Amino acid sequence: MEIRPVSQGHCGNVPTQRRQTVLHGAVQLGAVDIQTDAAQHRRVDLCLQVDGLAGEGFQLLVQGSRLLFGQGNGRGGRCLQNAVCLIVADAVSPRAAAKLPQYIKLQRGTKKAVGYFYHSTAECDFNMGREKRNYWHRYSSFRADAGDVDLFLIAGPSIGEVIERYTDLTGKSVLLPKSAFGYLGSSMYYPELPENCDDAILEFIDTTKEEGIPVDGFQLSSGYCAVETEQGIKRCSFTWNYKRFKDPADWFAKMKQEGIVVSPNVKPGMLLVHPLLEEMKEKKMFVLDSTTDEPGIGTWWGGTGIFVDFTKEENRKNWKEYLKQGLIQYGCESVWNDNCEYDSMVDKDARVYFEGKGSTIGTMKPVMSNLMCQLSNEAVTEYNPSVRPFSVCRSGHAGIQRYAQVWAGDNLTCWDTLKYNIATILGMGLSGVANHGCDVGGFYGVSPEPELFVRWVQNGIFMPRFSIHSTNTDNTVTEPWMYTDKKQYIRDAIKFRYRMIPYLYSLESRAHETGLPIMEPMFMAFQNDPKTYNEGVDFMWGDSLLVANVVEKGAKTRSIYLPQTGDENVRFYDFYTREEYAPGQTIEVPVDISSIPLYIKSGAIIPMAENQIYNLMHETVTGLHILMAPDVDSEFTVYDDDGKTNEYQNGAYLKTNIKVTAGVRTCVDFTYEGNYENTVDTMYLDVVHREKAPFYVQIDGVEVPHFLHRRKFEEAQTGWYYSQSLKSVQVKYPNPKKDHQVMISFEVFDMIGM
């Protein structure tokens, strides 16, 4: 066993046969290579973690998707890589998701965390404390079908440190364009219309805008490439159905003019009737049968198919050319890589090239998704180097976060899915995949009932990926205005997300730099409070905002636990009323259909758009509203760039570091980094301080006018006002666009004594 530094991201793509080693805090065990009798597959069965679970036990966060506890909690699990996605309590499961052989163990007694990362692409499973033998307490084990047992132990002691070190190994999240964080419209309905799908989608965008709903993208399902073949209409990637899309280049141009990024669906399997099949065969682009040199076959959309082998360099070059010719030359800047799990190849010994070393599809399946997303990004930037690519994928291996925004596959439309999808997203964040989301409203089933749809959108606006996507079984289409008497709540929720874009995009930048999640599990944010260990619905949005969405049908109240923090100065405030709550208690709050319960944590710095944004491609934040709760010292970096190009890599970004020093004289220091033009013209500080109003406020030592009348304050360019209803100090001033300090004095001023 040895500890040595490694470069960032060496494990996130095609794996090597032998490891390198590990970055600070990660320990690698020696590899074990075991051959079983006459079987073609190597199989490893090791009880590497023997944990006595009697007594306190421990918590396991398995494969970024499930919360498991030790003995006495009645919950354990067998977790399969390359199998269906896992959900808390084995409830409603999306069909496919990322295959991440990684988990975090949190010891209840010490409250310290350690990460386990098995660097393997082979089919494997985890047995998490479900077995015991006469000589041992319950134990956990890992089984792989092939390859070495290559285990990285990643030190904490905090969960955040484990995630940062895990992403030091596998790579940080890609910095996506801003449009990726807007509302992404989608439905299988539109691309499946017999003709004029292009016009129908443009009309959908127009309707969205007419309804006053912000929108930035459209995820284009595969109906656009459903073309006539000798076996009827079939989906064939890199083709276009010109009855449905008359002029793809013109359509992409119109969508871009509307501020919409289009993400066409691309699949790695080719039907045997695909018009490009023979050409691709001549280029030897496919996974080969296990016994012959013919392509290996599997069940595919509409019949039998064969599958591209991305582990060969020449195939990767050819694939990028097909992307450019079939999509990118028409104006496509985003690609939706779908159905790339290779699950339908039942012959797991089908052969892949693996950079000339040779391997099997059973061993290499997970890496195909990563390569598809890497190639779609490369194809976009090779065609137009200024464009920041945006890849979407529903599967992947460790490191998928370096290339794509991920979603959890085809979820069922029901209340249970709404609830358990939250745990899925939180778990993916624990596995380094910060840019994740689930289909809002449910993908499959009858249309969501009105209350369920409202609640789903109210929850979905906090997901890094926010897309309403469906293929309803009752011939309906899930859209924001589908229930006239409820669309106001849908509109309000989506508009709120857009006002929060400065905060969300800053958290995205943090994920890009550190690997930390955007949606944080409560047990990560409050690791020293064991009462958070069972929580899979409430979460922290960044470090500042506790989100406690309503996910129960017909709920009239919501029970919310406000965790202990270990700091007597920390408390929580209702986001809307600023009512104060002490930590370490469970509160019961009334809710109605409009409720989105949110709580501000002491030390919060939450940047919001003062002006309402409706499209992130065409509009910018011109007024910055910063909500703060300066009970304790804190710091936050607001990140901005053009959100479209790669110029941020050349310094065209703006980091506004906000440092708050709490006290009788509360100081807010703003320092700037980067050469991107600051689009913010006005600053508005919203400072929670329930104890009393300020004595005075200064900006760079110059006293700011004080207003006692709200209207006069609103009419002024510069000044401060104390809101008695919110118990908040509100300071406004033109943005100096340079380093500056705002000082708020809460000193005692004794008028009588004077």
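In this text, all values refer to a predicted model and were calculated from it rather than measured experimentally.

(A) Molecular detail of the packing of aromatic side chains. The tally for this structure, following the rule as stated, stands at 41 aromatic pairs. Relative to tryptophan 481, the ring of phenylalanine 204 has its centre 5.5 Å away and its plane inclined at 45 degrees; by these criteria the two rings are tilted. Separated by 277 residues along the polypeptide, phenylalanine 204 in helix α2 (residues 197-210) and tryptophan 481 in the loop between β27 (471-472) and α9 (487-499) bring together distant segments of the chain. The residues phenylalanine 204 and tryptophan 481 share a single accessibility class, namely buried. Ring centres 6.2 Å apart and planes at 55 degrees place the aromatic pair phenylalanine 526 and phenylalanine 572 in the tilted group. Of this pair, phenylalanine 526 sits in the loop between α11 (522-525) and β29 (539-541) while phenylalanine 572 is found in strand β32 (residues 572-574), placing the two residues 46 residues apart along the sequence. When its relative accessible area of 0% is taken as the criterion, phenylalanine 572 is described as buried.

(B) View of the packing of helix α5 (residues 313-326) against helix α6 (residues 361-383). Between α5 and α6, the shortest axis-to-axis distance is 9 Å and the interhelical angle comes to 55 degrees. The orientation of α5 relative to α6 falls into the category oblique. Considering how the two elements wind past one another, α5 and α6 form a crossing that is right-handed. Contacts between α5 and α6 pair Arg316, Trp319, Lys320, Leu323 and Lys324 from the former with Leu371, Met372, Leu375, Ser376, Glu378, Ala379, Glu382 and Tyr383 from the latter. Its residues assigned to classes, the contact of α5 with α6 comprises seven nonpolar, one polar and five charged.

(C) A look at the sheet that holds strand β42 (residues 696-699). If you walk across this open sheet you meet the six strands as β38-β39-β40-β46-β42-β43, and the pairing is antiparallel. The two strands at the open ends of the sheet, each matched to only one other strand, are β38 (634-641) and β43 (702-703). In this structure, β38 lies alongside strand β39 (residues 653-661), joined through eight bridges in antiparallel fashion. When the sheet's bridge partners are listed, phenylalanine 636 is paired in β39 with isoleucine 658. This element, helix α10 (residues 501-514), spans β38 and β39 of the sheet and lies at about 95 degrees to β38.

(D) Region of interest: the pattern of salt bridges. Within the structure shown, the criterion is met by 42 salt bridges. Two residues, arginine 244 and glutamate 192, come together in a salt bridge whose shortest N-O distance is 3.7 Å. Of this pair, arginine 244 sits in the loop between β14 (232-235) and α3 (248-257) while glutamate 192 sits in the loop between β11 (183-186) and α2, and the two are 52 residues apart along the sequence. A residue is classified by how much of its surface remains accessible, and arginine 244, at 7% relative accessible area, is buried. For the salt bridge of glutamate 552 with lysine 419, the shortest nitrogen-to-oxygen distance reads 2.6 Å. Of this pair, glutamate 552 sits in the loop between β30 (545-547) and β31 (557-562) while lysine 419 sits in helix α7 (residues 415-430), and the two are 133 residues apart along the sequence.

(E) Seen up close, the confidence of the model for the protein. Looking at the protein, the pLDDT average stands at 87 and 86% of residues meet or exceed 70. The low-confidence segment residues 1-96 (pLDDT under 50) makes 312 contacts with residues lying over four places distant or belonging to another chain.

(F) Here's a closer look at α6. With 23 residues, α6 extends 31 Å between its outermost C-alpha atoms, agreeing within 8% with the 33 Å of an ideal straight helix rising 1.5 Å per residue. A bend of about 40 degrees at valine 367 is the largest found in α6. Most of α6 sits out of view: 18 of its 23 residues are buried.

(G) Fine view of unusual backbone geometry. The amide bond that connects glycine 156 to the next residue, proline 157, takes the cis arrangement and shows omega of 10 degrees. Positive phi outside glycine occurs at asparagine 475, with the angle close to 65 degrees. Note on placement: asparagine 475 falls in the loop between β27 and α9. Phi is positive for lysine 737, close to 55 degrees, though the residue is something other than glycine. By the element assignment, lysine 737 lies in the loop between β45 (728-734) and β46 (740-745).

(H) Structural context of the packing of helix α8 (residues 450-460) against α9. Contact pair α8 / α9: the axes reach a minimum separation of 9 Å and the direction vectors enclose 5 degrees. As the angle between them shows, α8 and α9 are arranged roughly parallel. Mapping the contact onto sequence places Phe453, Val454, Val457, Gln458 and Gly460 in α8 and Tyr489, Ile490, Ala493, Ile494 and Arg497 in α9. Here the contact of α8 with α9 is composed, by residue class, of seven nonpolar, two polar and one charged.

(I) Focus on the pairing of β11. Burial of the side chains of β11 extends over both faces: Tyr183 and Gly185 are buried on one face and Leu184 and Ser186 on the other. Taken together, the three bridges between β11 and strand β26 (residues 466-468) define a ladder with parallel strand orientation. Counterpart to leucine 184 in the pairing with β26 is serine 467. By the bridge criterion, three bridges tie β11 to strand β12 (residues 217-220) in an arrangement that is parallel. Counterpart to leucine 184 in the pairing with β12 is glycine 217.

(J) Local environment of the nonpolar core. By size, the foremost hydrophobic cluster in this structure holds 169 residues, and its most contacted members are Trp319, Val457, Trp541 and Phe670. Sorting elements by how many residues they give to this core places α6 first, with 10 residues. Here valine 457 is in contact with Val440, Phe466, Ile468, Ile490, Ala493 and Ile494, once residues within four sequence places are set aside. Among the nonpolar cores identified, the runner-up in size contains 17 residues, and Ile163, Tyr166, Met524 and Tyr533 belong to it.

Rules used throughout
- Residues numbered from 1 in each chain as written.
- Predicted model: local features only at pLDDT ≥ 70, side-chain atom pairs only at ≥ 80, totals over all residues.
- Heavy atoms only, no water.
- Phe/Tyr/Trp six-rings, centres within 6.5 Å; stacked < 30°, edge-to-face > 60°.
- Helix = DSSP H or I, 4+ residues; strand = E, 2+ residues; numbered from the N terminus.
- Buried < 20%, exposed > 50% of the residue type's maximum accessible area, 1.4 Å probe, protein only.
- Axes fitted to C-alpha atoms, helices over the stretch in contact; angles between N-to-C directions.
- Parallel < 35°, antiparallel > 145°, perpendicular 65-115°, else oblique.
- Left-handed = near helix turned anticlockwise from the far one by under 90°.
- Contact = heavy atoms within 4.5 Å.
- Nonpolar A, V, L, I, M, F, W, Y, C, P; charged D, E, K, R; others polar.
- Pairing = 2+ DSSP bridges.
- Salt bridge = Lys/Arg side-chain N within 4 Å of Asp/Glu carboxyl O.
- pLDDT = per-residue confidence, 0-100.
- Expected span 1.5 Å × (residues − 1).
- Bend = angle between axes of the 7 residues up to and from the residue.
- Core = buried A, V, L, I, M, F, W, Y, C linked by side-chain atoms within 4.5 Å.

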